[in-house]
Amino acid sequence: MLSRTFRIARQSNRFLSSTRILASKPAPANVKTATNLAEVTGPDSSLIGPGATPGTIPTDMDQATGLERFEILGKREGVDVFDLEDPITEGSGTPQDPYLVPTYIGYRYVGCKGKGGEEHKPYWMKVEDGKLARCWQCGTSLTAKYLGEPGHAHH
Ligand SMILES: [Zn+2]
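Residues numbered from 1 in each chain as written. Predicted model: local features only at pLDDT ≥ 70, side-chain atom pairs only at ≥ 80, totals over all residues. Heavy atoms only, no water.

1. Focus on the overall build of the chain
Helix and strand counts for the chain come out as two helices and seven strands. Tracing the chain from N to C terminus, the helices and strands come up as β-β-α-α-β-β-β-β-β. Split into buried and exposed, the 155 residues of the chain put 34% on the buried side. Taking all contacts inside the chain whose residues are at least 6 apart in sequence as the whole, residues at least 24 apart take part in 43%. Taken as a whole, the chain presents about 9700 Å² of accessible surface, with 53% of it coming from carbon and sulfur. (Helix = DSSP H or I, 4+ residues; strand = E, 2+ residues; numbered from the N terminus. Buried < 20%, exposed > 50% of the residue type's maximum accessible area, 1.4 Å probe, protein only. Contact = heavy atoms within 4.5 Å. Areas by Shrake-Rupley, 256 points an atom, 1.4 Å probe, with all protein chains shown as cover.)

Here's what the structure looks like:
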């Protein structure tokens, strides 16, 4: 069963999206099937496909549901909904201009492997909203950028 709902945050020129757990909100019933990410309204029937016509083998767009369908919709738009690639796109890694790590919960674990071609063993840091985190190996600076609902971040 799907117990998650989705939030799609649009930040400047980049689409960031992630799953978000909403414990109390009931999913609205009988929503039309989303044909793109912007039409996804939650873990409801907007993520249920129309099904295959009789006598045909169903395609992913016919029958994929839930998180799988959410991911497929993202791929069709070129949006990496689970941030499987490098999610950090802002900042230069200096203390004055730290990398901004997108987060929906106020913090995110980041593994630094060096900068400027100087690789080092992954150094894992908890990067929090409003705090500067620095890699002890190479000095790269990071801070978290909260993208979720205002007032919901918890540290
Ligand atoms: Zn480093």
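2. Describing the packing of aromatic side chains
Applying the stated criterion across every chain, the model contains three aromatic pairs. Just above the ring of tyrosine 107 sits the side chain of lysine 126; from NZ or CZ to the centre is 4.4 Å. (Phe/Tyr/Trp six-rings, centres within 6.5 Å; stacked < 30°, edge-to-face > 60°. Lys NZ or Arg CZ within 6 Å of the ring centre and 35° of its normal.)

3. Thoughts on the sheet that holds strand E7 (residues 141-146)
Sheet architecture is open: three strands sit in the order E3-E7-E6, paired in mixed fashion. Only two strands of the sheet have a single partner each, and these edge strands are strand E3 (99-103) and strand E6 (133-134). Looking at chain direction, E3 and E7 are connected through five bridges and run parallel. When the bridges of E7 are listed, threonine 103 appears paired with tyrosine 146. (Pairing = 2+ DSSP bridges.)

4. Quick word on the UniProt feature "binding site: Zn(2+)" (unreviewed entry) in the chain
In the numbering adopted here, UniProt assigns the feature "binding site: Zn(2+)" (unreviewed entry) to Cys112, His120, Cys135 and Cys138. Maximum C-alpha separation among the annotated residues is 10.6 Å over a sequence range of 27 residues, consistent with a single clustered spot. Positionally, cysteine 112 belongs in strand E4 (residues 107-115). Summarising the element assignment, histidine 120 is placed in strand E5 (residues 118-128). Beyond its immediate chain neighbours, meaning those up to four positions away, histidine 120 contacts Cys112, Lys113, Gly114, Cys135, Gln137 and Cys138. (UniProt positions renumbered as here; feature names shortened; annotations may be inferred.)

5. Focus: the coordination of the zinc ion
Reference values for angles at a metal are 109.5 degrees in the four-donor tetrahedral case and 90 or 180 degrees in the six-donor octahedral case. Cys112 (SG), His120 (NE2), Cys135 (SG) and Cys138 (SG) make up the full set of protein donors to the zinc ion, lying at 2.1 to 2.3 Å. Taken together, the four donor atoms coordinating the zinc ion span angles of 103 to 115° at the metal, a pattern that classifies the geometry as tetrahedral. As a motif over one chain, the donors of the zinc ion read C-x7-H-x14-C-x2-C. Taken together, the residues span a long stretch of sequence, with cysteine 112 in strand E4 and cysteine 135 in the loop between E6 and E7 at a distance of 23 residues. On the basis of relative accessible area, cysteine 135 is assigned to the buried category, the value being 4%. (Donors = N, O, S within 2.8 Å, 3.2 Å for Na, K, Ca; no water. Tetrahedral: all angles 85-135°; square planar, octahedral: opposite > 155°, others 65-115°.)

6. Focus: the nonpolar core
Val101, Val110, Cys112, Met125, Val127, Ala133, Cys135, Leu142 and Ala144 form the largest nonpolar core, which has nine residues in total. Apart from the residues within four sequence positions on either side, alanine 133 is in contact with Met125, Lys126, Val127, Thr140, Ser141 and Leu142. Grouped together as the second largest cluster of nonpolar side chains are eight residues, Ala34, Leu37, Val40 and Phe70 included. (Core = buried A, V, L, I, M, F, W, Y, C linked by side-chain atoms within 4.5 Å.)

7. A word on the environment of serine 141
Within the secondary structure, serine 141 sits in strand E7. Relative accessible area serves as the criterion here: at 0%, serine 141 is assigned to the buried category. Taking the C-alpha atoms as reference points, serine 141 and aspartate 97, 44 residues apart in sequence, are found 7.9 Å from one another. Residue contacts for serine 141: discarding those within four places in its chain leaves Gly93, Thr94, Pro95, Pro98, Tyr99, Leu132, Ala133 and Arg134. Only 3.2 Å separates the side chain of serine 141 from the side chain of arginine 134, close enough to count as a polar contact. (Polar contact = N/O pair within 3.5 Å; in protein donor to acceptor, adjacent residues only side chain to side chain.)

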